[in-house]
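One-letter residues, chain by chain:
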Amino acid sequence: NAGVTQTPKFQVLKTGQSMTLQCAQDMNHNSMYWYRQDPGMGLRLIYYSASEGTTDKGEVPNGYNVSRLNKREFSLRLESAAPSQTSVYFCASNPGQGTGRCHFGDGTRLSIL
Amino acid sequence: EDKVVQSPLSLVVHEGDTVTLNCSYEVTNFRSLLWYKQEKKAPTFLFMLTSSGIEKKSGRLSSILDKKELSSILNITATQTGDSAIYLCAVAINYGQNFVFGPGTRLSVLP
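As the structure is a computational prediction, the values presented were derived from the model and not from experiment.

(A) Just the overall build of chain B, in detail. Helix and strand counts for chain B come out as zero helices and 11 strands. Listing every helix and strand of chain B by position from the N terminus yields β-β-β-β-β-β-β-β-β-β-β. The C-alpha radius of gyration computed for chain B amounts to 13 Å, which stays within 12% of the reference 13 Å derived for 111 residues, consistent with globular compactness. Expressed along its principal axes, the backbone C-alpha trace of chain B runs to roughly 40 × 25 × 20 Å.

This is how it looks when you write it as C-alpha cells:
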C-alpha cells in the first residue's frame with residue numbers, strides 16, 4: 001500500500017540548475033497535484049492534472065513545468081532553479097470528479113543556494 | 001480570488017484543555033471543506049464536510065460546517081501532546097478538481 005510516492009526526499013541545488021521531482025500513485029486516481037509549502041503560507045497549488053493528458057496552472061506556476069506521463073505519474077520540473085523556489089513540495093492525488101479528499105506524498109525538501 | 005483563512009495561526013495549550021480552531025472561506029463553486037492534520041511529513045485526512053449543521057466526530061475531534069457563515073470549526077477535547085501539529089483547512093472548488101488551503105493553525109500541547 002504505497003499510496004503516493006515522491007522522489008527524491010531531499011535535494012540541494014545551485015541557482016540556475018534544473019531538476020525534476022517525480023511522483024507516482026498506485027490508487028488509480030484520476031487527478032494529481034503539485035503543491036509547495038512555505039512557513040505560514042499553507043499549501044499553494046503549483047499545477048494540477050484533472051485527468052491523464054491534461055494539465056492546468058494553479059496559483060503559483062511561474063518557474064515550473066509539469067508532465068502527466070501516464071495515469072500513475074506526474075512530474076514537476078524546475079528549469080532554472082531560483083532561491084525563491086526553496087520550499088517543501090508535496091504531490092497529491094484524488095479520485096477526481098469531486099469524489100473526495102487528497103492523498104499526499106511525504107514531500108520533497110528542496111533547498112536552492 | 002478564492003481564499004481560505006484560519007484562526008488562530010498559532011495556539012499553545014496544556015494537556016486536558018479543549019481547543020476550537022476556526023476556518024472561513026470565500027470561494028466560487030464550493031464543493032466541500034476538509035480538515036487535515038500535519039505533523040512532520042504529509043498532511044493526514046481528518047474530516048470532509050459537505051452539508052451544513054451536521055457534526056462529524058472521530059474520538060476527541062469533531063467538526064461542523066456552517067455554509068451560511070462560510071465557516072467551519074474543528075474542536076479537540078481533552079487535548080494530548082500527540083495532538084501537537086499544524087491543522088490545515090482546505091476547500092474543494094471547481095467541482096472538486098482544485099483544493100484551496102488555508103495557512104494552517106499550529107497547535108502546541110504542553111504536558
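(B) Representation of the layout of surface pockets within the structure. Estimates place the volume of the largest pocket at around 680 Å³. If you trace the largest pocket, you find 29 residues lining it, with Gln37(A), Val88(A), Arg109(A), Gln38(B) and Lys40(B) closest to the centre. Where the lining of the largest pocket is concerned, the elements lending two or more residues are β9 (87-94) and β11 (108-112) of chain A together with β9 (85-93) and β11 (105-110) of chain B. Its volume calculated, the second largest pocket comes out at about 440 Å³. Glu59(A), Glu1(B), Asp2(B), Val100(B) and Phe101(B) are the residues nearest the centre of the second largest pocket, which is lined by 21 residues in total.

(C) Examining the interface of chain B and chain A more closely. Taken together, the contact pairs 18 residues of chain B with 20 residues of chain A. Across the chain B/chain A interface, buried area totals approximately 1600 Å², and carbon plus sulfur atoms make up 57% of it. In terms of surface lost to chain A, no three residues of chain B exceed Gln97(B), Phe99(B) and Phe101(B), which account for 31% of the buried area on that side. In this assembly, chain B and chain A are joined by three residue pairs in polar contact (both at pLDDT 80 or more). When residues of the side of chain B that touches chain A are traced back to their parent elements, those giving at least two are β4 (32-38), β5 (44-49) and β10 (98-101) of chain B.

(D) Seen up close, the state of the cysteines. All names here are of chain B. Enumeration over the complete set of coordinates arrives at two disulfides over all chains. The disulfide partner of Cys23 is Cys89, and the S-S distance across this bridge is 1.9 Å. Judged by the torsion about the S-S bond (-65 degrees), the Cys23/Cys89 disulfide is left-handed. In this pair, Cys23 is assigned in strand β3 (residues 19-26) and Cys89 in strand β9, connecting sequence segments 66 residues apart. Neither Cys23 nor Cys89 differs from the other in exposure class; each is buried.

Cut-offs and rules
Residues numbered from 1 in each chain as written. Chains lettered and ligands numbered in written order. Predicted model: local features only at pLDDT ≥ 70, side-chain atom pairs only at ≥ 80, totals over all residues. Heavy atoms only, no water. Helix = DSSP H or I, 4+ residues; strand = E, 2+ residues; numbered from the N terminus. Rg over C-alpha atoms; globule rule 2.2 N^0.38 Å. 1 Å grid on protein atoms, 1.4 Å probe; cavity = no way out; pocket = protein on both sides within 12 Å on 5 of 7 lines; lining within 4 Å. Points joined across faces, edges and corners; volume = space filled by probe spheres on them. Contact = heavy atoms within 4.5 Å. Buried area = accessible area lost by both parts, 1.4 Å probe. Polar contact = N/O pair within 3.5 Å; in protein donor to acceptor, adjacent residues only side chain to side chain. Disulfide = S-S within 2.5 Å. Buried < 20%, exposed > 50% of the residue type's maximum accessible area, 1.4 Å probe, protein only.

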